[in-house]
Amino acid sequence: MAIEIERKFLVVGDAWREAPALFYSQGYLNSDKTRTVRVRIAGEQAFLTVKGANQGASRVEFEYGIPVSDARALLQLCEQPLIEKYRRKITYAGFVWEVDEFLGENQGLVVAEIELPAEDTVFAKPEWVAGEVTHESRYFNSNLAREPYCRWR
């Protein structure tokens, strides 16, 4: 069983745009708060992912590669709208930051995530990393599918 320890932050400025971007399309077959089942196409690869409930910044995660053709079919079964975004991976001070620039109904939202070996790991933040939103559930991708950023007040 894999444990994902991830912290999430808002992004400011444009310096992060220098990294190459990969298009992601993902949907949720189940977005219950105690578990999610996600289908994702990332470039020419596809994955089926099951995640448990958050325990602080941690949760169990199981991810499996699947054929892209299966992922396309599964996306048709997913809750709508799908999450579409460009992801950039940026290495900074020994860690990889994933910057998601959302599209569609979530356009205008840019979030950076960092995966850590332990919840208390100390890390440096790039200048484009702003306020932390790790514990704000509206920023979870599964919640953005149900309540997109364009509907926030």
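Residues numbered from 1 in each chain as written. Predicted model: local features only at pLDDT ≥ 70, side-chain atom pairs only at ≥ 80, totals over all residues. Heavy atoms only, no water.

Chemist: How would you sum up the pairing of strand E5 (residues 58-66)? Please name residues and give values.
Modeler: Strand residues, when the strand is regular, have side chains that alternate between the two faces of the sheet. Taken together, the four bridges between strand E1 (residues 2-11) and E5 define a ladder with antiparallel strand orientation. By the bridge assignment for E5, Ala-2 is matched with Glu-61. Across six bridges, strand E4 (residues 45-52) lies against E5 in antiparallel orientation. Residue pairing across strands places Leu-48 opposite Tyr-64, the latter belonging to E5. What sits between the antiparallel neighbours E4 and E5 is a turn of five residues, in which Gly-56 has the positive phi angle 70°. (Pairing = 2+ DSSP bridges. Helix = DSSP H or I, 4+ residues; strand = E, 2+ residues; numbered from the N terminus.)

Chemist: Describe the pattern of salt bridges, and please don't skip the residues or the numbers.
Modeler: Evaluation of the coordinates by the stated rule reveals 16 salt bridges. The shortest N-O distance in the salt bridge between Glu-4 and Arg-59 comes to 3.0 Å. Of this pair, Glu-4 sits in strand E1 while Arg-59 sits in strand E5, and the two are 55 residues apart along the sequence. Residue classification places Glu-4 among the buried positions, given a relative accessible area of 3%. By relative accessible area, Arg-59 is classed as buried at 16%. Residue Arg-7 pairs with Glu-132 through a salt bridge whose shortest N-O separation is 2.7 Å. (Salt bridge = Lys/Arg side-chain N within 4 Å of Asp/Glu carboxyl O. Buried < 20%, exposed > 50% of the residue type's maximum accessible area, 1.4 Å probe, protein only.)

Chemist: A description of the nonpolar core should follow, citing residues and the corresponding values.
Modeler: Residues Val-11, Trp-16, Trp-97, Val-99, Ile-114, Phe-123 and Trp-128 are the most contacted members of the largest nonpolar core, which totals 16 residues. Of all elements in the fold, only E1, strand E7 (95-102) and strand E8 (110-115) reach the threshold of two or more residues within this core. Sequence-distant contacts of Phe-123, defined by excluding residues within four places in its chain, comprise Arg-7, Phe-9, Phe-95, Trp-97, Ile-114 and Leu-116. Ranked by size, the runner-up nonpolar core spans ten residues in total, among them Leu-109, Tyr-139, Ala-145 and Trp-152. (Core = buried A, V, L, I, M, F, W, Y, C linked by side-chain atoms within 4.5 Å. Contact = heavy atoms within 4.5 Å.)

Chemist: Describe the layout of surface pockets, listing the residues and the values that go with them.
Modeler: Here the largest pocket is characterised by a volume of approximately 690 Å³. Lining the largest pocket are 40 residues, with Glu-4, Glu-6, Arg-38, Lys-51 and Arg-59 sitting closest to its centre. Going through the elements one at a time, E1, strand E2 (21-30), strand E3 (35-42), E4, E5, strand E6 (83-92), E8 and helix H2 (141-146) are the ones with two or more residues in the lining of the largest pocket. For the lining of the largest pocket, the element with the highest residue contribution is E3, accounting for five residues. Here the residues of the lining of the largest pocket are counted per class, giving nine nonpolar, eleven polar and 20 charged. (1 Å grid on protein atoms, 1.4 Å probe; cavity = no way out; pocket = protein on both sides within 12 Å on 5 of 7 lines; lining within 4 Å. Points joined across faces, edges and corners; volume = space filled by probe spheres on them. Nonpolar A, V, L, I, M, F, W, Y, C, P; charged D, E, K, R; others polar.)

Chemist: Summarise the packing of aromatic side chains; cite the residues concerned and give the values.
Modeler: Per the stated rule, a full pass over the model turns up seven aromatic pairs. Taken together, a centroid distance of 5.0 Å and an interplanar angle of 70° make the contact between Tyr-149 and Trp-152 edge-to-face. Note on Trp-152: relative accessible area 18%, which makes it buried. One aromatic cluster in this structure is built from Phe-9, Trp-97, Phe-123 and Trp-128. The ring of Trp-152 has Arg-138 sitting right over it, with the charged end atom 4.2 Å from the ring centre. (Phe/Tyr/Trp six-rings, centres within 6.5 Å; stacked < 30°, edge-to-face > 60°. Lys NZ or Arg CZ within 6 Å of the ring centre and 35° of its normal.)

By themselves, these are just geometric observations and shouldn't be taken as functional.
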